[in-house]
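# Chain and residue survey
Take a look at the letters that make up each chain.
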Amino acid sequence: MDSLLYLGTKKGLFVLRRGENGRYIIQERAFLGDKVVYVHPDSRNGFVYAALDHGHFGVKLHRFQPDSGWKEITTPAFPPKPDGFVDKNPHTGQEVSWTVQLIWSLARGGADQPGVLWAGTIPGGLFRTADYGDSWQLVDSLWHHPTRQSWFGGGMDLPGIHSICVDPRDSRRVVIGISCAGVWLTEDSGQTWVTRAKGMRAAYMPPEQADQELVQDPHCIVQCPSAPTTYWCQHHNGIFKSTDGAENWVEITPAGVSAFGFAVAVHPQDPNVAWFVPAIKDEKRYPEGGRVIVSRTRDGGEHFDVLHRGLPQSDAYDLVYRHALAVDDDGQVLAFGSTTGSLWVSANQGDDWELVNAHFPPIFAVQFG
Amino acid sequence: MPVVHFTQNLVRHVECHRLETTGDTLVDVLGQVFARFPRAKTYVLDEQGAVRKHMVIFVDGKQLVDRTKLTDPVHQSSQIYIMQALSGGV
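In this report, we go over the structure that sits alongside the text. Quick caveat, the model's predicted, so the values are computed rather than measured. Throughout, a residue's number is its position along its own chain's written sequence, starting from 1. Each chain gets a letter, beginning with A, and each ligand a number, beginning with 1, in the order they are written. Only residues with pLDDT of at least 70 are given local features in this predicted model, and only at 80 or more are side-chain atom pairs given and counted; all residues enter the totals for whole chains, interfaces and linings. Side-chain measures were taken over the full set of non-hydrogen atoms in the model, leaving aside hydrogen atoms and water.

Attention now goes to the interface of chain A and chain B. A contact between two residues is defined here by any heavy atoms of the two lying within 4.5 Å. Listed per partner, the contact involves 20 residues of chain A and 20 residues of chain B. By buried area we mean the combined loss of accessible area, with a 1.4 Å probe, across both parts when two parts are placed together. Between chain A and chain B, roughly 1,500 Å² of surface is buried when both sides are summed, and carbon and sulfur atoms account for 49% of that area. We define a salt bridge as a side-chain nitrogen of Lys or Arg found within 4 Å of a carboxyl oxygen belonging to Asp or Glu. Across the contact surface, chain A and chain B share two salt bridges. Linking Arg 39 of chain B and Glu 72 of chain A is a salt bridge whose minimum nitrogen-to-oxygen distance equals 2.5 Å. Between N or O atoms, a polar contact is any pair within 3.5 Å; within protein, one atom must be a potential hydrogen donor and the other a potential acceptor, and residues adjacent in sequence are included only when both atoms are from side chains. Where chain A packs against chain B, one counts 12 residue pairs in polar contact (both at pLDDT 80 or more). For this scheme, ten residues count as nonpolar: Ala, Val, Leu, Ile, Met, Phe, Trp, Tyr, Cys and Pro. Four count as charged, namely Asp, Glu, Lys and Arg, and the remainder, Gly too, count as polar. Taken together, the residues of the side of chain A that touches chain B break down into eight nonpolar, five polar and seven charged.

Moving on: the nonpolar core. Residue and element names in this part refer to chain A. Within the largest apolar cluster, 36 residues are counted, with the highest numbers of intra-cluster contacts made by Phe 31, Leu 61, Phe 78, Ile 103, Leu 106, Phe 127 and Trp 136. Going along the chain from the N terminus, every DSSP run of H or I of four or more residues is numbered as a helix, and every run of E of two or more is numbered as a strand. The greatest single-element share of this core, amounting to five residues, is contributed by strand S5 (residues 48-53). If we skip the residues at most four places from it in the chain, Leu 61 touches Ala 50, Ala 51, Lys 71, Glu 72, Ile 73, Thr 74, Thr 75, Pro 76, Ile 103, Leu 106 and Trp 136. Think of a nonpolar core as a cluster: buried Ala, Val, Leu, Ile, Met, Phe, Trp, Tyr and Cys residues, connected wherever their side-chain atoms sit within 4.5 Å. The rule is simple: take the accessible area with a 1.4 Å probe, protein chains only, and divide by the maximum for that residue type; under 20% is buried, over 50% is exposed, in between is partly exposed. Among the nonpolar cores identified, the runner-up in size contains 33 residues, and Leu 311, Ala 324, Ala 335 and Ile 363 belong to it.

The next point concerns helix H2 (residues 26-36) of chain B. Residues and elements named next belong to chain B. Within H2, burial applies to Leu 26, Val 29, Leu 30, Val 33 and Phe 34. Along the long axis of H2, the arc covered by the buried residues comes to 125 degrees, so they all point the same way. Buried residues along H2 sit in contact with strand S1 (3-6), strand S2 (19-20), helix H3 (41-44), strand S3 (55-59) and strand S5 (79-84). It is the directions from the helix axis to the C-beta atoms whose arc is reported.

Attention now moves to the environment of Thr 21 of chain B. All names here are of chain B. One can find Thr 21 in the loop between S2 and H2. With 20 residues separating them along the chain, Thr 21 and Met 1 place their C-alpha atoms 5.9 Å apart. Discounting residues that sit within four places of it in the chain, Thr 21 has contacts with Met 1, Pro 2, Val 4, Val 29, Gln 32 and Val 33.

Right, let's get into the pattern of salt bridges. Residue and element names in this part refer to chain A. By the definition in use, this model includes 19 salt bridges over all chains. A salt bridge links Asp 167 to Arg 173; its shortest N-O distance comes to 3.5 Å. Since its relative accessible area comes to 2%, Asp 167 is described here as buried. If you follow the salt bridges from partner to partner, you end up with Asp 167, Arg 169, Arg 173 and Glu 187 in one network.

Below, the discussion takes up the sheet that holds strand S8 (residues 102-108) of chain A. Residues and elements named next belong to chain A. Pairing in this open sheet of four strands is antiparallel, and the strands run S8-S9-S10-S11 from one edge to the other. Looking at which strands have only one partner, the edges of the open sheet turn out to be S8 and strand S11 (137-138). Note on pairing: DSSP must find at least two bridges between two strands before they are called paired. Pairing of S8 with strand S9 (residues 117-122), which is carried by six bridges, proceeds in the antiparallel orientation. Residue pairing in the sheet places Leu 106 in a bridge with Ala 119 of S9.

Let's shift gears to the sheet that holds strand S28 (residues 363-368) of chain A. The strands making up a sheet associate through hydrogen bonds between their backbones, and the pairing can be parallel or antiparallel. All names here are of chain A. Overall, antiparallel pairing links the four strands, which are arranged S3-S2-S1-S28 in an open sheet. Looking at the sheet topology across the chains shown, the edges are occupied by strand S3 (24-30) and S28. Neighbour-to-neighbour, the strand axes of the sheet open up by a mean angle of 25 degrees, direction not taken into account. Note: strand S1 (residues 5-9) against strand S2 (residues 12-18), five bridges, orientation antiparallel. By the bridge assignment for S2, Thr 9 is matched with Gly 12. Only the stretch in contact is used when fitting a helix axis, every axis being a line fitted to C-alpha atoms; angles between N-to-C directions are given from 0 to 180 degrees.

Moving on, we get to the pairing of strand S10 (residues 126-129) of chain A. Residue and element names in this part refer to chain A. Here four bridges tie S9 to S10, and the two strands are oriented antiparallel to one another. Bridging from a neighbouring strand, Leu 117 pairs with Thr 129 of S10. With antiparallel pairing between neighbouring strands as the criterion, S9 and S10 make up a hairpin whose turn holds three residues, including Gly 124 at a positive phi of roughly 105 degrees. In this sheet, S11 lies alongside S10 in antiparallel orientation, the contact comprising two bridges. Pairing of Phe 127 across the sheet is with Leu 138, part of S11.

Next up, the structure:
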């Protein structure tokens, strides 16, 4: 209940805390006017990382330290592209620029790796730091993987890495989600990789290609910390779950109100409890009937509750992006923010919601920390 | 000597201000700029050394031609403006 709530928005970073009356209030504003596309509080040391996209001036990374405040740190960057090297998608002919266009995700390493962070980017580069972000190394094994040039964008023009799950049992084991190149696993801190999207289905491909692992578009993947063989995935055209460490995925059908959405959160102590924020599928992308609802399963996907108390039930066109739904470490408090700048919080696992503010800038990321 | 000016929008993020330089090409000039204001480099150029997509550089009123190698000539009296493009930001 004492967790801070961090919002990355189109016009800055907001830090909220729960006041004595139980309502969340803004404690700090940072980077006002600048686009904060991701925020990552690091529970190991109290640091906070903010990924900015300045548009004209490129992407930048900032770090907050409790004793010294915010400071710009090194931004992950690609090495020089070799002269004469042609980096084109063989199917689309699209050229891939070796420049970081977006820091789409950040994830801390394990407790045994205090300075380690991973950064997922567009155009599909994964980076790792071992010194709290003072320097970054491109994960060459993935960038130079023979399949990489065939990865393609999902929504964005170029592919990107948006989900990074560091296994709590073994920090060397990391699962990532790529739009669009499916799910990938390393068990040696990124030296080698294998695909792990078996069982996923891509409805946007011809039927004979629908089960190919490299064409899957996982919108967001989360891992249950207390039952780490369980992963949940909100995919472009469905909800998928793995209970065997991402070896196999099973589609959850029916998947509640709509199988389309971006965000997913899993209860930290119960792998059978997960939340989603559905919308009408891809060509529309707004809540069915203008009703904002949260979809919750408590039995591993057998059934879904439609949670709506406290949420607008008419003429609401809020879409919730993949990083904009969060659950706290106790699995009790949830928060989500929308493209139209609304932030809602629930103190009882989603049964009841309270509007914190309807006038934030468009919200990209919500994190407890 | 070539003189470099910066958009105020960049000054908001990193230290940089009017600078008198030497050299025959823009790459010479920018080398001195970034030696003096190192943090400005990644705001103007991407990691491949090219001018960022939504940045523009004017040399004596004309837009930079070689955005990747920065070989455009400059003269002793050149006025160089590092600006934002109107594209690329909301």
